[in-house]
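Below, each chain spelled out in residue letters.
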Amino acid sequence: MKSVIVTVLSLWLLSSLTTRSASADDEGAGSSGGGQTNTFGSDPRDPSNFLQDVEQRRAQRDSLFPVSPLKPIHDSLDPAKKRLYGATGLKMGLTLNHVFQGISDSIAGSDRSGSTTDADLVAGWELINRGEANPGKLYAHLEGRWDYGTTGPQNLGFVNLGSQIGTANAFSAYDNPTFLIRNLYWEQGSQEAGWAFRVGKVTPDAILATSRHITPVTTFLPNGGTGLFASGYPDSGLGFVGALYPSDDFKIIGVFSDANANRFDWGDIGAGDYYKALEFGYKIMPKTENAGYSKLTFWHNDGTKDGKPINASTGKEGWGMTVKHEHEFTNDGNVVGVARWGKAWQKSSLYDQQVGLHLLVYDPDLVGTIDNDLIGIAGNWVDASAVGSRDEYNLELFYRFPLFPVVDATLSYQSVFNPALNTAFDHASVFTLRLRSVF
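This report concerns the structure included in the present document.

**A short note on helix α4 (residues 153-160)**
Note that an α-helix has 3.6 residues per turn; residues three or four places apart therefore point the same way.
Move 1: Taken residue by residue, α4 has Pro153, Gln154, Leu156, Gly157 and Asn160 as its buried positions.
Move 2: Buried positions along α4 lie against β1 (90-103), β2 (113-128) and α5 (223-226).
Move 3: Looking one or two residues past α4, Gly162 carries a phi angle of roughly 75°, positive in sign.

Encoded structure:
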C-alpha cells in the first residue's frame, strides 16, 4: 500500500506541473477558502488568519435550518464588535468546536467513545499604520479544551487504539490549566509591503507546510492527516518568524524558535536549543486568485535540553524536509487536491516519514441547494519513529454542511489499518460528529 500511495503522489505532482493554467478571463472566485491573506502560514487556526476566517463564516447565511438557536447571541455580539473595532482597532473572534467520536476496537479495558470541546478566543489589535501596507498588530490567542467523561477523542486514537496517525487532532482536554495562552506576538508588514515579521510566542506547526484546506476544526481530523509531524516541530513558544515576497506568487518564510517550547509555560529559550526552518512557497499554475502555495520546507531541531519529547519533537537533535503541493482541478477552484510528504532523519520527529493525499470538493450541494458544504477524502501513511512500531495507514471520508446559520456539522468516517503501537488487531473504524460555531 505504501508503494501505491507514493506512486499516486508522483503522478499527481507530474500532472499538476503539466496542466495548463486557466486564463484570467476564466478565473472564478470559488469558495475553496475565501480571501485570506496568509501572510505567513495558511492554517485557519493561526491567529493572523483566524479573524478573517471567522468574518468569512459569519457572512455565509445558507443552512439546513434557517434559524439558529444562537441567533440572539450573534445579534447582540456583532454590533458590539463593530463598534469596538471602529473605536479602538481591536478585532475579536471566538470559535467553539465540539467532537463526539467512537471507535470499533480498542485495547482491552479501555474506552471506545469520548467527546471534547475546543474553544479559541483571538484578539488582534491594530496599533500602528492602520489601513496601510505595513500595519503593526498585537495578537493574543487563548485556547481551552475540556473532555466529557474519561477519554478525549485524541487519546482514543493515540492511547486506546495505539495509533500514531491519531483520530482527532486537538480534541483532548487540557487538564491543568483548562485555558492557556497559545499565541502572543507582535506582527508587522504584509504581502503588499513585500515583507513581514512576527515576534513573541508563536506556533511553528500553524505556520510551516500548512494549507487552509487541512485543519482539524473544519476539514480532516487525524493528527497525521492534518499536520506534517515528520517536521520535528517544537511546541508553541518564544520565537521569530520572517517573510519576504519577491513576487505575488512566491514567498520565503524563516522560523527561529525555542526547541524547549511548551504551550503550558514560556519554555526555556535561554537553554540554547533552537528550531530553525526555511520554507519556499510558490503558486504553481493557479486557476483562481485564492489558489494556495505549494511549499518546500527544510528544518533542523537541536533537541530538548532533557531529551524528552514534546509536540512533534522526540527530544533528539535532527533535521528533515517536507513537500506540500496544492492544485486546483477546476476553474472555479471548488475541487482542490493537496499532496504532502515529509521525511525526518536521526529519529528526531514523531514520524520518520509520512505521505498524505487529500481531495476536497466545495459546494457539492448534497443537502438540497445549500451552499458552503464540503466533501473531503484522504489517505495517509506514516512510518513512526517509535521503537517496535509498524507502518500505519488511515483512510478518511467526511461531509461538512451548515446545520444552522454560523453552525457547521461534520460527519466523518475513518478506517485505520495496522495501528502502529498495537498488534492486537489490524483494523478499526472511527465514527465522528463534529459541531462548530463562530462568534
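**Here's the deal with the side chain of Lys324**
Move 1: Here Lys324 lies in strand β10 (residues 318-328).
Move 2: There is a polar contact of 2.9 Å between the side chain of Lys324 and the backbone oxygen of Thr210.
Move 3: For Lys324, the side chain forms a polar contact with the main-chain oxygen of Tyr293, separated by 2.6 Å.

**Thoughts on the pattern of salt bridges**
Move 1: Following the criterion strictly, the structure yields 18 salt bridges and no others.
Move 2: Note that Asp408 is salt-bridged to Arg57, the shortest N-O span being 2.9 Å. Separated by 351 residues along the polypeptide, Asp408 in strand β15 (residues 407-417) and Arg57 in helix α2 (residues 47-59) bring together distant segments of the chain.
Move 3: Between Glu143 and Arg145 there is a salt bridge, with its nearest N and O atoms 3.1 Å apart. Both residues of the pair, Glu143 and Arg145, belong to the buried class.
Move 4: Taken together, the salt bridges that share partners define one network made up of Asp118, Glu143, Arg145 and Arg182.

**Points about unusual backbone geometry**
Move 1: Along the chain, Asn176 connects to Pro177 via a cis peptide bond; the corresponding omega equals 0°.
Move 2: If you trace the backbone, Pro177 turns up in the loop between α4 and β4 (179-190).
Move 3: The backbone of Asn129 sits at a positive phi, close to 55°, despite the residue not being glycine.
Move 4: Accessibility expressed as a relative area gives 27% for Asn129, which makes it partly exposed.
Move 5: Although it is not a glycine, Met285 adopts a positive phi angle of roughly 45°.

**What to know about the pairing of strand β13 (residues 374-384)**
Move 1: Most of β13 is tucked away, with 8 of its 11 residues classed as buried.
Move 2: Here strand β12 (residues 351-362) pairs with β13 via 11 bridges, running antiparallel. From the neighbouring strand, Tyr351 faces β13, where its bridge partner is Ala384.
Move 3: With 9 bridges joining them, β13 and strand β14 (residues 392-404) adopt antiparallel strand pairing. Residue pairing for β14: Asn380 is matched across the bridge by Asn394.

**A few points about the pairing of strand β3 (residues 136-148)**
Move 1: Here β2 pairs with β3 via 13 bridges, running antiparallel. Bridging from a neighbouring strand, Leu121 pairs with Leu142 of β3.
Move 2: Sheet topology places β3 next to β4; 9 bridges connect them, and they run antiparallel. Paired with Ala140 across the bridge in β4 is Leu184.

Quick notes on the rules
- Residues numbered from 1 in each chain as written.
- Predicted model: local features only at pLDDT ≥ 70, side-chain atom pairs only at ≥ 80, totals over all residues.
- Heavy atoms only, no water.
- Buried < 20%, exposed > 50% of the residue type's maximum accessible area, 1.4 Å probe, protein only.
- Helix = DSSP H or I, 4+ residues; strand = E, 2+ residues; numbered from the N terminus.
- Contact = heavy atoms within 4.5 Å.
- Polar contact = N/O pair within 3.5 Å; in protein donor to acceptor, adjacent residues only side chain to side chain.
- Salt bridge = Lys/Arg side-chain N within 4 Å of Asp/Glu carboxyl O.
- Pairing = 2+ DSSP bridges.

Just geometry here; none of it tells us what the structure is for.
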